[in-house]
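Here are the chains, one letter per residue:
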Amino acid sequence: MYPNQLTLETLESQHCEYVQLLPALQEIDLLISGGYKLKNAIRHFLPQRPGEEPEIYETRLKKHTYLNILSTNINEQVSKLANAPMTVDGLEINPKFWSAFREDTDLAGRSEKNLITLIFRELLKFKKVFIHVDKNKSEVAPKNKAQEEALGLRPYTVSYSPIQVINWSESKGKLNWLKIRQISEDNSNPIATPRKVCTWTIIDDAYVVKYSAIVELDSKGTITKVNSEMINADTTISLLTPPIEHGFGTVPVFKIELPDQLWVADQAASKALEHLRTDCSKYDLLTMAYFQRTFKRIQTPDSDLEKSYTNDEPLPTGLAHVVEVEKFEWSEPHGYMIEHISNSLQAIENQVRDLISAGGVSSSNGAVTQSGVSKQMDFAKQESMLRAYGEIIIDFYQDLLQLVAKAAGIDGSKISVTGLNSFENDTLDSVLMKLDSVSKLNVESLKANLPPSALKVIYEQMVALLTGNLSASQKEQVNKEIEVLLASIKTGDTFIV
């Protein structure tokens, strides 16, 4: 099906959605990464102003400063979700295998919690992420399950950023195939210059295929040479290894994607860029201890009376823009503009926090002492969004574990994942207030106005809100106990939870 060689043009073909989103994804990646990556690309974010001299522009770039408010707020969301309880049921078959997989999901020590954290961070940044379930190969074909385990052959996961997945096809929400483009550096020879290697991986419902070549790239990441030769229409790339039949019967890659309204980095990136530019302007002003506001040019009369005197030399002030008037004056800045810029920066930080729904509204406004109810109100929007993210992730993770079970030859039909819906924003006093209110409820009036089934549902919801995260088995047990409790309650009794 796959030839020994493919043209570079075919391998570099890109999905139209990828072409549209790539500039935004690269900009978001730089804004969230910050540090040296952003500094190396600072010209993209701080372009040269009209009429700005090159020397002045270079000086302004050296004053670059950046407070990474986008990354800070995303990290807060990620840590909140990562610390929420998550329960996986149905792993009773081969617990040794599942224990090993959950402790090391990628054969490099990445735990289950770190995998969930990675997925959530990538979703907030890029809206989607691709997770590949793969299985390492062995030169010796195992004859049974015991030999397979002895050889250490077990499924693992590989994550691909949407910047790496350049083309794909899907129908009804499932991938038909996808193509991954990865750039790596070959440092295998200690006495040779490192070389850039580009690898294209194509995964369909039957095969995993890799093409690879040594390349040279321009500043935008576009391939200019292949195997030290300039590219042309006939440039071809060879197979790295023969096609590998993966045996899943379906594309072993999941695409997990957020709806547009939950893609927070897309909403907040422009405000983070505004903060960067405003902050750099503030720093630029602060480094000017004094600035010359006016300048009077000293003129020397020309000896030739028939020609008018002209002097086109630049003003010797060292400043880009100076007003020339009939007086000479130095003026120290009063700092009004600095104050306005500082207020603008704080407003932008609050806007970014609100867009990401990181919570803590009252705290950011200086209200240190708050009741538990007040703090819960502050974090209500954050919890609402975190629950929405949690639902998407646990649905995906359940499908992922079932595919891992299939790859390992284990029955995964009973695997269920619950949780990621309790985020520890309750304080002790708020919990005690809830329990006190619940204990005062009189069941007599509820029984008189509600059908038995409705009463049971309300009781279950109330207990769920009090207990927070429960596994599927725990919920089942609690519901059974609720039925027994409701059957034993007599008229005039009160709820005791």
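Structure report, in brief. Since we're looking at a predicted model, the values are computed, not measured.

About the thresholds
Residues numbered from 1 in each chain as written. Predicted model: local features only at pLDDT ≥ 70, side-chain atom pairs only at ≥ 80, totals over all residues. Heavy atoms only, no water. Pairing = 2+ DSSP bridges. Helix = DSSP H or I, 4+ residues; strand = E, 2+ residues; numbered from the N terminus. Axes fitted to C-alpha atoms, helices over the stretch in contact; angles between N-to-C directions. Contact = heavy atoms within 4.5 Å. Salt bridge = Lys/Arg side-chain N within 4 Å of Asp/Glu carboxyl O. Buried < 20%, exposed > 50% of the residue type's maximum accessible area, 1.4 Å probe, protein only.

### What about the sheet that holds strand S3 (residues 128-135)?
Across the sheet, which stays open at both edges, the 3 strands sit in the order S4-S3-S12 with antiparallel pairing between neighbours. Two strands in the sheet have a free side with no partner beyond their single neighbour: strand S4 (155-160) and strand S12 (253-257). Adjacent strand axes in the sheet meet at a mean angle of 25 degrees, parallel and antiparallel pairs treated alike. Across the sheet, helix H14 (residues 380-407) is in contact with S3, S4 and S12; its angle to S12 comes to roughly 175 degrees.

### Considerations on the pattern of salt bridges
By the definition in use, this model includes 19 salt bridges. In this structure, Asp 106 and Arg 110 form a salt bridge, with 3.8 Å as the shortest nitrogen-oxygen distance. On the basis of relative accessible area, Arg 110 is assigned to the buried category, the value being 15%. Two residues, Asp 186 and Arg 195, come together in a salt bridge whose shortest N-O distance is 2.9 Å.

### Describing the pairing of strand S8 (residues 207-217)
Summarising the sheet, strand S7 (residues 195-203) and S8 pair through 8 bridges and their orientation is antiparallel. Of the residues in S8, the one forming a bridge with Lys 196 is Val 215. Between S7 and S8, which pair antiparallel one after the other, the connecting turn spans 3 residues. Where S8 meets strand S11 (residues 236-245), 5 bridges bridge the pair, whose relative direction is antiparallel. Its bridge partner lying in S11, Tyr 211 is registered against Leu 239. Note: S8 against strand S9 (residues 223-226), 3 bridges, orientation antiparallel. Note that in S9 the partner of Leu 217 across the bridge is Ile 223. The turn linking S8 back onto S9 is made up of 5 residues, and Gly 221 within it adopts a positive phi angle of 85 degrees.

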